[in-house]
Amino acid sequence: MNPDTQYLSHRLDAIEKKLDTLIQASAEREMNEWITTKDALALMSVSDRQLTRLISSGVIHGEAIRNVGTVKSPRYRYHRSRLLKQWLKRAPLPQ
């Protein structure tokens, strides 16, 4: 290897390490965004039954919910920011 090739190889390795670090940090941040049902209930100050009704009525839907269990025994995780956005966008209740 000539010096130019060694330099480029060294620089590419350094860039690859930095990219790996960024990808890992992003993945960790994403994992922190997904919360359990217990945490979601405390965050929203609602009961388990109220959360179930919000989901069944379609207020909470799509990308805000993820089943990490099985079909027979579901374990849901909720995306913190998406859950709150969907919940806060719901139609106001009539007085």
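Here is a short report on the structure shown in this document. Quick caveat, the model's predicted, so the values are computed rather than measured.

We now examine the nonpolar core. If you look at the biggest cluster of nonpolar residues, it comprises 13 residues, and the most contacted ones within it are M44, V46, L51, I60, Y78, L83 and W87. Of all elements in the fold, only helix 2 (37-44), helix 3 (48-56) and helix 4 (80-88) reach the threshold of two or more residues within this core. It is helix 2 that provides the largest number of residues to this core, a total of three residues. Setting aside residues no more than four positions away along its own chain, L83 makes contact with A40, M44, I60, A64 and Y78.

Relative orientation of the contacting elements helix 2 and helix 3 amounts to 95 degrees, with a least axis distance of 10 Å. Taken together, the axes of helix 2 and helix 3 are roughly perpendicular relative to one another. On helix 3, the residues that touch T37, L41 and M44 of helix 2 are D48, L51 and L54. In terms of residue class, the contact of helix 2 with helix 3 is built from four nonpolar, one polar and one charged.

With that settled, the discussion passes to the side chain of Q86. The topology assignment puts Q86 in helix 4. Judged by relative accessible area, Q86 falls into the buried class, the value being 16%. Among all residues touching Q86, those that are not within four sequence positions of it are V59, I60, H61 and A64.

The strand order across the open sheet formed by three strands is 1-3-2, and the pairing between neighbours is antiparallel. Either end of the sheet is taken by a strand with one partner, and the two such strands are strand 1 (34-36) and strand 2 (65-67). Within the sheet, the average angular offset between the axes of one strand and its neighbour, ignoring direction, is 35 degrees. Judged from the three bridges that link them, strand 1 and strand 3 (residues 76-79) form a sheet pairing that is antiparallel. Paired with I35 across the two strands is Y78, which belongs to strand 3. Set on the sheet, helix 2 makes contact with strand 1 and strand 3; between it and strand 1 the angle comes to about 95 degrees.

Moving on, we get to unusual backbone geometry. A positive phi angle, near 55 degrees, is found at S45, a position not held by glycine. Taking the relative accessible area as the measure of exposure, S45 reaches 65% and is therefore exposed.

Here H79 lies in strand 3. H79 sits in the buried class, given a relative accessible area of 5%. Here the side chain of H79 touches S81 through a polar contact of 3.3 Å, side chain to side chain.

Reading the values: rules and limits
Residues numbered from 1 in each chain as written. Predicted model: local features only at pLDDT ≥ 70, side-chain atom pairs only at ≥ 80, totals over all residues. Heavy atoms only, no water. Core = buried A, V, L, I, M, F, W, Y, C linked by side-chain atoms within 4.5 Å. Buried < 20%, exposed > 50% of the residue type's maximum accessible area, 1.4 Å probe, protein only. Helix = DSSP H or I, 4+ residues; strand = E, 2+ residues; numbered from the N terminus. Contact = heavy atoms within 4.5 Å. Axes fitted to C-alpha atoms, helices over the stretch in contact; angles between N-to-C directions. Parallel < 35°, antiparallel > 145°, perpendicular 65-115°, else oblique. Nonpolar A, V, L, I, M, F, W, Y, C, P; charged D, E, K, R; others polar. Pairing = 2+ DSSP bridges. Polar contact = N/O pair within 3.5 Å; in protein donor to acceptor, adjacent residues only side chain to side chain.

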